[in-house]
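# Structural characterization, general
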Amino acid sequence: MRPLIAVAGLRSPRIEGLRFDGVVAAAAVLEAVHRAGGEPAILYHGRPGDLPGRLARFDGVVLPGGRDMNPRRYGARPHERTEPPDDVQDEADLAVVRAVLARGMPMLAICRGMQVLNVACGGTLVQHLPDTGVTHLGAFHEVTLDPGSRTARVLGADTVSVSSYHHQAVDEVGRGLRVVGRAPDGCVEALEHDLAPVLAVQWHPEDDAETTPYEQALFDAVVEDAARHRLEELPS
């Protein structure tokens, strides 16, 4: 049986083919999870207080990209370039991260997902990256990984070229997290958690996972972790 992977749904006010709003996930993320041997299921936000119990039926989590977080979540005033917040989405995603860390569940956090992870752990964000000569919004750039990190072992390389689409980034690193990857301008590109089986990347591995083995490897890793987690959770 495939490990059941919760892909946190993104609230959308308009979806082609529907008369009303909806909750979606990128097909590329779902396909990458399925290719890795997992069974992806879109996680409806519902009531944040119910999420820990609902997540108990899953074996792992993918927390994908999305819009900017409300900067008040990390004690900052909104920058002029920060998108209007969706507090329902923020509350749901933060609840997912807290439940994942409390249960020691495997998780892959992507782009906004990494930022939510950092804020949930008490960290802060850069609301708009300065011009450094490295294009982070809609471009490929290199990331250098800590050679001793699990992320480098999973990807099988210390330097990779990644698909980047973000204008915000990790600033002060949250508790229990460590930086294991940076762009050439120093932008934080990968985090790992000291205790939980969590991998987090600022780029979008789903963009080219189908043709780039090291990007697919991130999804393979969370599904493999999820399979082990399910066995550990079975009653003895």
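Cut-offs used in this document
Residues numbered from 1 in each chain as written. Predicted model: local features only at pLDDT ≥ 70, side-chain atom pairs only at ≥ 80, totals over all residues. Heavy atoms only, no water. Helix = DSSP H or I, 4+ residues; strand = E, 2+ residues; numbered from the N terminus. Rg over C-alpha atoms; globule rule 2.2 N^0.38 Å. Buried < 20%, exposed > 50% of the residue type's maximum accessible area, 1.4 Å probe, protein only. Contact = heavy atoms within 4.5 Å. Areas by Shrake-Rupley, 256 points an atom, 1.4 Å probe, with all protein chains shown as cover. Lys, Arg positive; Asp, Glu negative; His and termini not counted. Charge placed at Lys NZ, Arg CZ, Asp CG, Glu CD. Polar contact = N/O pair within 3.5 Å; in protein donor to acceptor, adjacent residues only side chain to side chain.

## Digging into the overall build of the chain
Counting its secondary structure elements, the chain contains 6 helices and 13 strands. Taking 18 Å as the expected radius of gyration for a compact globule of 236 residues, we find that the chain reaches 17 Å, a close match to that expectation. In the chain, which comprises 236 residues, the share counted as buried stands at 51%. Expressed as a percentage of contacts within the chain between residues at least 6 apart in sequence, the contacts between residues at least 24 apart total 65%. Split by element, the accessible area of the chain, about 11,100 Å² in all, is 50% carbon and sulfur. Charged side chains in the chain number 23 positive and 34 negative. The centres of these two groups are separated by 7 Å.

## Looking at the side chain of N70
Relative to the helices and strands, N70 resides in the loop between strand 5 (60-63) and helix 3 (87-103). Side-chain polar atoms of N70 contact the side chain of D87, separated by 3.0 Å. Setting aside anything within four residues of it in sequence, one finds N70 in contact with P85, D87 and D90.

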